[in-house]
Amino acid sequence: MSTVHRGVWRPEDRAAAPYRYLPVDVPAGVRTLRVELDYDRSAGVLDLGCFDPSGAFRGYSGGARESFVVGESVATPGYLPGPLPVGTWQVLLGLHRVPADGVAWRITAEPGVSLPVPAATAPDGAGTAGTGPRRRMLPASPGFTWLAGDLHAHTVHSDGSLTVPALAALAAGAGLDFLAVTDHNTVSHHPELAAAGAAAGILLVPGQEVTTGRGHANAFGALDWVDFRDRPDAWLSTVDAGGGLLSVNHPLGGDCAWLMPMTGRPPLAEVWHSGWWDRTWGAPLAWLLAWAPGAVPVGGSDFHTMDGPERPGLPTTWVAVAEPSVAGILDGLRAGRVAVSAAPDAPVLLRADDRLVAVDADGTLLVDVEGRRRPVRGGVARFHVSGAGPFWLEDAKAQVLALTA
């Protein structure tokens, strides 16, 4: 038997509570639950999610879906398959964008007994593993190897267009050694990562982008779902307790800039985001120094679809690892053995043997936070430095070419 909820959300509703919960009764014997949201998408943005009778997370798709199915063995990407407990489930509606005159909406929930075909699949032809540029062997301290990666990408499990295998192949074809898959407010992609990465020849790092209207943060590691409805200090404590790492994402990123106060400071900060098109603009580095000078600067492409300019590895985050594994990458990030370049084959600045090393950067300038500049000469140039980072390379136009902690 269907359950229907309808109404009109207005700005005062969003002001009172940005998340609303609509009850849906699931009787015994049900094997699937299908939920459909209908509203005028030109009028506003409503996010969609689901919790079972115990309050456990069963999926989230934000504004990317108009419907979802949760079944015993299959589910729409972004949602978790499994048994459907008897009781009152809650459909989550997030009031993300609500116009002055309101937005009319309707939710239809249909418990059933037939297994669904999951929605939002995508072709796997976006890339071919092993066709990318040759891996670079960068100078490293004894016992470590630099791996090229990207810490921010999305799939059909949130608002991306590629499946996990297609994204893995695309990233491997770009010359990356690892990629963090960070779908919005879900962990439904995690079970696919190991097999897809092995097939493409790339390490896929489990991640989730904890996403709100006032800021985003990536949680790296094989973690349980992080509740985006909590305050960000709770995100940090949850991720720390699970052995993961939290990164503030694109803190100056337009309508998704970081606006939330925190008592603690995440260990990572995504200062080099794909939206930093004009790297003569010093605001990302200024933000880092004001926010937490000791935070490790990282980069991420925030890849979603093949339609835009974003691609995995633009920028590239390099991590020096003791072993080429997910644990090794997390350890390298935690220790700050990190460098960021514009692309896998672009000039890079890194630390090795207690020195800064500039590779393929002849003619650039090494810059520190005190404003000191030193010329870089040759294909591999080494520098003794003192004091805290970050350090970066810039060209004659003061464009940032490479960055390290």
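Every value quoted in this text rests on a predicted model; they were computed, and no experiment measured them. (Residues numbered from 1 in each chain as written. Predicted model: local features only at pLDDT ≥ 70, side-chain atom pairs only at ≥ 80, totals over all residues. Heavy atoms only, no water.)

Quick look at the nonpolar core now. With 35 residues, the main nonpolar core has Ala 219, Trp 235, Leu 246, Trp 258, Trp 287, Trp 291 and Leu 403 as its most contacted residues. The contact partners of Trp 287, leaving out residues within four places of it in the chain, are Val 248, Pro 251, Leu 252, Ala 269 and Val 271. One finds Leu 162, Leu 167, Ala 168 and Trp 318 within the second-largest nonpolar core, a separate group that totals 29 residues. (Core = buried A, V, L, I, M, F, W, Y, C linked by side-chain atoms within 4.5 Å. Buried < 20%, exposed > 50% of the residue type's maximum accessible area, 1.4 Å probe, protein only. Contact = heavy atoms within 4.5 Å.)

A separate point is the pattern of salt bridges. For the structure on display, the rule yields 10 salt bridges. One salt bridge connects Arg 136 with Asp 360, and the closest N-O pair in it is separated by 2.8 Å. You can see Arg 136 sitting in the loop between strand E8 (103-112) and strand E9 (145-150) and its partner Asp 360 sitting in the loop between strand E19 (355-359) and strand E20 (365-367), a full 224 residues away along the chain. In this structure Asp 360 comes out as partly exposed when scored by relative accessible area, which is 46%. Of the charged contacts in the structure, one is a salt bridge between Arg 372 and Asp 368, with a shortest N-O distance of 2.7 Å. A residue is classified by how much of its surface remains accessible, and Arg 372, at 47% relative accessible area, is partly exposed. (Salt bridge = Lys/Arg side-chain N within 4 Å of Asp/Glu carboxyl O. Helix = DSSP H or I, 4+ residues; strand = E, 2+ residues; numbered from the N terminus.)

Moving on to unusual backbone geometry. Here the bond from Leu 314 into Pro 315 is cis, since omega is 10°, no more than 30 degrees from zero. Inspection of the secondary structure puts Pro 315 in the loop between strand E15 (296-300) and strand E16 (316-321). The linkage connecting Gly 389 with the following residue, Pro 390, adopts the cis geometry, with an omega of 5°. Mapped onto the fold, Pro 390 is located in the loop between strand E22 (380-383) and strand E23 (391-394). In this model, Asp 353 sits at a positive phi of 55°, which is unusual for a non-glycine residue. Of note, Asp 353 is situated in the loop between strand E18 (348-352) and E19.

Considering all chains together, one arrives at 12 aromatic pairs under this definition. Seen in terms of ring centroids, Phe 57 and Trp 225 are 4.3 Å apart; in terms of plane orientation they differ by 10°. Their pairing is stacked. One end of the pair, Phe 57, is in strand E5 (residues 57-62); the other, Trp 225, is in the loop between strand E12 (215-220) and helix H4 (232-241), with 168 residues separating them in the sequence. Classification of Phe 57 as buried rests on a relative accessible area of 9%. Ring centres of Trp 235 and Trp 258 lie 6.2 Å apart, and the angle between their planes is 75°; on these two criteria the pair is classed as edge-to-face. Here the residue Trp 235 occupies a position in helix H4, and Trp 258 occupies one in the loop between strand E13 (245-248) and strand E14 (268-273), the gap between them amounting to 23 residues. Each member of the pair Trp 235 and Trp 258 is classed as buried. Ring-pair connections join several aromatic residues into one group, and the members of that group are Tyr 19, Phe 51, Phe 57, Tyr 60, Trp 225 and Phe 228. One Lys or Arg, Arg 265, reaches over the ring of Trp 291 and ends 3.7 Å from the middle of that ring. (Phe/Tyr/Trp six-rings, centres within 6.5 Å; stacked < 30°, edge-to-face > 60°. Lys NZ or Arg CZ within 6 Å of the ring centre and 35° of its normal.)

Before going further, it helps to examine helix H2 (residues 164-173). The element H2 is extensively covered by neighbouring structure, given that nine of its 10 residues are classed as buried. Among all positions in H2, only Val 164, Ala 166, Leu 167, Ala 168, Ala 169, Leu 170, Ala 171, Ala 172 and Gly 173 are buried. In the stretch just after H2, Gly 175 is the one whose phi turns positive, near 95°.

For the protein, the mean per-residue pLDDT works out to 94, and 95% of the residues sit at or above 70. Note that residues 119-125 has pLDDT below 50 and, in this model, 13 contacts with residues that lie over four places away or in other chains. For the stretch residues 127-131, pLDDT sits under 50, and the model shows nine contacts to residues farther than four places along the chain or on other chains. (pLDDT = per-residue confidence, 0-100.)

Across the sheet, which stays open at both edges, the four strands sit in the order E1-E8-E3-E6 with antiparallel pairing between neighbours. Strands at the two margins of the open sheet, each flanked by one partner only, are strand E1 (3-9) and strand E6 (67-71). Geometrically, the sheet is characterised by an average inter-axis angle of 15° between neighbouring strands, direction not taken into account. Where strand E3 (residues 32-39) meets E8, eight bridges bridge the pair, whose relative direction is antiparallel. By the bridge assignment, Asp 38 is partnered in E8 with Arg 106. (Pairing = 2+ DSSP bridges. Axes fitted to C-alpha atoms, helices over the stretch in contact; angles between N-to-C directions.)

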